[in-house]
Amino acid sequence: MSDTSISQLSSSLAVAMNLAHLEASLASAGSLAELGELLVLHGATIVGVVAITAVLDGARLAGAPEVPAGTCWRIEQTVDGDGRLRLLAGGDTSEARGLLEHLLHLGGRRSG
């Protein structure tokens, strides 16, 4: 096996382990409030996400007070089926947006 193949396999394994940790973390949420806090916590670690906040029943739950103007992209998305939990975020790279959208998808699956 070449050094490149070993490196790619190692990288793929690290991604899979991080994804498993992320899914376990989201699964541990016992309420929409906890889920919102976890989504903000994990979303804020994504390089390229400038600001992120969770809003539950119309009130800011966790995260930045607002998403600053001038970011390259902005997301405002409902997480749960009833529309009680929303996530607002802005960032600078398309990779960050893609990762955040995947995180929101995972959160939506965990919201019931």
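Residues numbered from 1 in each chain as written. Predicted model: local features only at pLDDT ≥ 70, side-chain atom pairs only at ≥ 80, totals over all residues. Heavy atoms only, no water.

## Focus: the sheet that holds strand β2 (residues 59–63)
Here is the rule: Pairing between two strands is assigned when DSSP locates at least 2 bridges connecting them. Numbering of helices and strands runs from the N terminus; a helix is a DSSP stretch of H or I covering at least four residues, while a strand is a stretch of E covering at least two. Axis geometry follows a simple rule: fit a line to the C-alpha atoms, using only the stretch in contact for helices, then measure angles between N-to-C directions, giving values from 0 to 180 degrees. Whether two residues are in contact is decided by their heavy atoms, any of which lying within 4.5 Å being enough.
On the basis of which strands lie adjacent, the open sheet formed by four strands has the order β2-β1-β4-β3 and antiparallel pairing. Two strands lie at the open edges of the sheet, namely β2 and β3 (73–78), each paired on one side alone. Direction aside, the axes of adjacent strands within the sheet are offset by 20 degrees on average. As judged from the seven bridges shared by strand β1 (residues 49–56) and strand β4 (residues 85–91), these two strands associate in the antiparallel manner. Within β4, the position partnered with A54 by the bridge is L87. Each of β1, β2 and β4 is contacted by helix α2 (residues 32–43), which is oriented at about 180 degrees to β1, the strand it contacts most. Strand contacts of helix α3 (residues 94–110): β1, β3 and β4, with the helix running at about 5 degrees to β3, the strand carrying the most contacts.

## Digging into the environment of L41
Rules: Buried, partly exposed and exposed residues are distinguished by accessible area as a fraction of the type maximum, computed with a 1.4 Å probe on protein chains only: under 20%, between the cut-offs, and over 50%, respectively.
Mapped onto the elements of the fold, L41 is located in helix α2. For L41, a relative accessible area of 52% corresponds to the exposed category. As a C-alpha pair, L41 and I52 span 11 residues in sequence and 9.0 Å in three-dimensional space.

## As for the nonpolar core
Going by this rule: Put simply, a nonpolar core is a bunch of buried Ala, Val, Leu, Ile, Met, Phe, Trp, Tyr and Cys residues held in one set by side-chain atoms that sit within 4.5 Å of each other.
Of all hydrophobic cores here, the largest spans 24 residues; its most connected members are L26, L87 and L100. Contact partners of L100, with chain neighbours within four places excluded, come to G43, I46, I52, W73, I75, L87 and A89.

## A few points about α3
Where we set the bar: Here, expected helix span is obtained from the residue count minus one, scaled by 1.5 Å. The arc refers to the directions leading from the helix axis to the C-beta atoms.
The terminal C-alpha atoms of α3 lie 25 Å apart, and with 17 residues this matches the ideal 24 Å at 1.5 Å per residue to within 8%. When we look at burial in α3, the residues that qualify are A96, L100, L103, L104, L106 and G107. When α3 is viewed along its axis, its buried side chains cluster within an angular range of 160 degrees and face the same direction. Seen from the open side of α3, the exposed residues pointing more than 90 degrees away from its buried face are S94, E95 and R109.

## A word on the confidence of the model for the chain
Using the following cut-off: The pLDDT value tells you how sure the predictor is about a given residue, anywhere from 0 up to 100.
In the predicted model, the chain carries a mean pLDDT of 82, and 81% of its residues have values of at least 70. Mean pLDDT values over the elements of the chain span from 59, in helix α1 (residues 3–27), up to 95, in β4. Taken together, the stretch residues 9–16 has pLDDT below 50 and engages in zero contacts with residues farther than four places along the chain or on a different chain.

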